[in-house]
Amino acid sequence: MLAKKTSKNQLTLPKQVVQQFPGVDYFEVSVREKKIVLTPVKITSAASTIENVRNKMQALGLQEEDIEKAIRWARRKRA
(Lines give C-alpha, C1' and ligand atoms only; values in the text may rest on other atoms or scores of the structure.)
Protein backbone atom coordinates (compact mmCIF):
# COMPACT_ATOMS: atom_id res chain seq x y z
CA MET A 1 0.00 0.00 0.00
CA LEU A 2 1.19 3.50 -0.75
CA ALA A 3 0.49 6.76 1.00
CA LYS A 4 1.48 10.01 -0.69
CA LYS A 5 2.75 13.00 1.28
CA THR A 6 0.91 16.20 0.35
CA SER A 7 2.43 19.66 -0.06
CA LYS A 8 1.31 20.31 3.55
CA ASN A 9 3.25 17.25 4.82
CA GLN A 10 0.08 15.25 5.42
CA LEU A 11 -0.52 11.55 4.81
CA THR A 12 -3.83 9.83 4.22
CA LEU A 13 -3.80 6.37 5.71
CA PRO A 14 -5.23 3.63 3.48
CA LYS A 15 -8.71 2.47 4.44
CA GLN A 16 -7.46 -1.11 4.92
CA VAL A 17 -5.05 0.12 7.61
CA VAL A 18 -7.47 2.46 9.40
CA GLN A 19 -10.14 -0.25 9.63
CA GLN A 20 -7.81 -2.25 11.86
CA PHE A 21 -7.93 0.53 14.49
CA PRO A 22 -11.61 1.31 15.12
CA GLY A 23 -12.20 4.30 17.37
CA VAL A 24 -8.58 5.50 17.17
CA ASP A 25 -8.14 9.12 16.11
CA TYR A 26 -4.57 9.79 17.28
CA PHE A 27 -1.26 8.09 16.59
CA GLU A 28 2.12 8.62 18.23
CA VAL A 29 4.69 9.17 15.48
CA SER A 30 8.28 8.01 15.86
CA VAL A 31 11.22 7.07 13.68
CA ARG A 32 13.01 3.74 14.11
CA GLU A 33 15.79 2.63 11.81
CA LYS A 34 14.78 5.25 9.22
CA LYS A 35 11.16 4.04 9.23
CA ILE A 36 8.09 6.00 10.31
CA VAL A 37 6.22 4.14 13.06
CA LEU A 38 2.62 4.99 13.99
CA THR A 39 1.37 3.75 17.36
CA PRO A 40 -2.34 4.10 18.23
CA VAL A 41 -3.01 6.38 21.20
CA LYS A 42 -6.20 6.64 23.23
CA ILE A 43 -6.65 10.15 24.64
CA THR A 44 -8.33 10.31 28.06
CA SER A 45 -9.24 13.33 30.12
CA ALA A 46 -7.09 14.29 33.10
CA ALA A 47 -10.10 13.96 35.39
CA SER A 48 -10.66 10.39 34.22
CA THR A 49 -7.00 9.51 34.74
CA ILE A 50 -6.95 10.98 38.25
CA GLU A 51 -10.10 9.07 39.14
CA ASN A 52 -8.49 5.84 37.89
CA VAL A 53 -5.44 6.49 40.08
CA ARG A 54 -7.63 7.13 43.12
CA ASN A 55 -9.59 3.93 42.46
CA LYS A 56 -6.34 1.94 42.14
CA MET A 57 -5.01 3.44 45.41
CA GLN A 58 -8.23 2.49 47.18
CA ALA A 59 -8.12 -1.04 45.77
CA LEU A 60 -4.54 -1.42 47.03
CA GLY A 61 -5.48 -0.03 50.43
CA LEU A 62 -3.06 2.92 50.15
CA GLN A 63 -3.61 5.95 52.34
CA GLU A 64 -2.50 9.55 51.83
CA GLU A 65 0.27 9.03 54.39
CA ASP A 66 1.64 6.13 52.33
CA ILE A 67 1.93 8.38 49.28
CA GLU A 68 3.59 11.18 51.26
CA LYS A 69 6.08 8.68 52.69
CA ALA A 70 6.86 7.34 49.21
CA ILE A 71 7.42 10.88 47.90
CA ARG A 72 9.80 11.68 50.78
CA TRP A 73 11.68 8.44 50.07
CA ALA A 74 11.96 9.23 46.34
CA ARG A 75 13.17 12.78 47.01
CA ARG A 76 15.75 11.85 49.65
CA LYS A 77 19.35 12.75 48.96
CA ARG A 78 21.48 9.78 48.05
CA ALA A 79 25.09 9.57 49.09
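Residues numbered from 1 in each chain as written. Predicted model: local features only at pLDDT ≥ 70, side-chain atom pairs only at ≥ 80, totals over all residues. Heavy atoms only, no water.

The name recorded for the protein in an unreviewed UniProt entry is AbrB/MazE/SpoVT family DNA-binding domain-containing protein, from Abyssobacteria bacterium.

**Quick word on the overall build of the protein**
In terms of helices and strands, the protein carries 3 helices and 2 strands. Element order for the protein, N to C, with α for helix and β for strand: α-β-β-α-α. Over its C-alpha atoms the protein spans a radius of gyration of 21 Å, topping by over 25% the 12 Å that the globule rule assigns to 79 residues. Viewed in the frame of its principal axes, the protein has a C-alpha envelope of about 55 × 35 × 20 Å. Across the 79 residues in the protein, those meeting the buried criterion constitute 1%. Within the protein, counting contacts between residues at least 6 apart in sequence, those at least 24 apart form 3% of the total. (Helix = DSSP H or I, 4+ residues; strand = E, 2+ residues; numbered from the N terminus. Rg over C-alpha atoms; globule rule 2.2 N^0.38 Å. Buried < 20%, exposed > 50% of the residue type's maximum accessible area, 1.4 Å probe, protein only. Contact = heavy atoms within 4.5 Å.)

**Thoughts on the confidence of the model for the protein**
Across the protein, pLDDT averages 91, with 99% of residues at or above 70. Across the protein, the element-wise mean pLDDT spans from 89 in helix H2 (residues 46-60) up to 96 in strand E1 (residues 26-32). (pLDDT = per-residue confidence, 0-100.)

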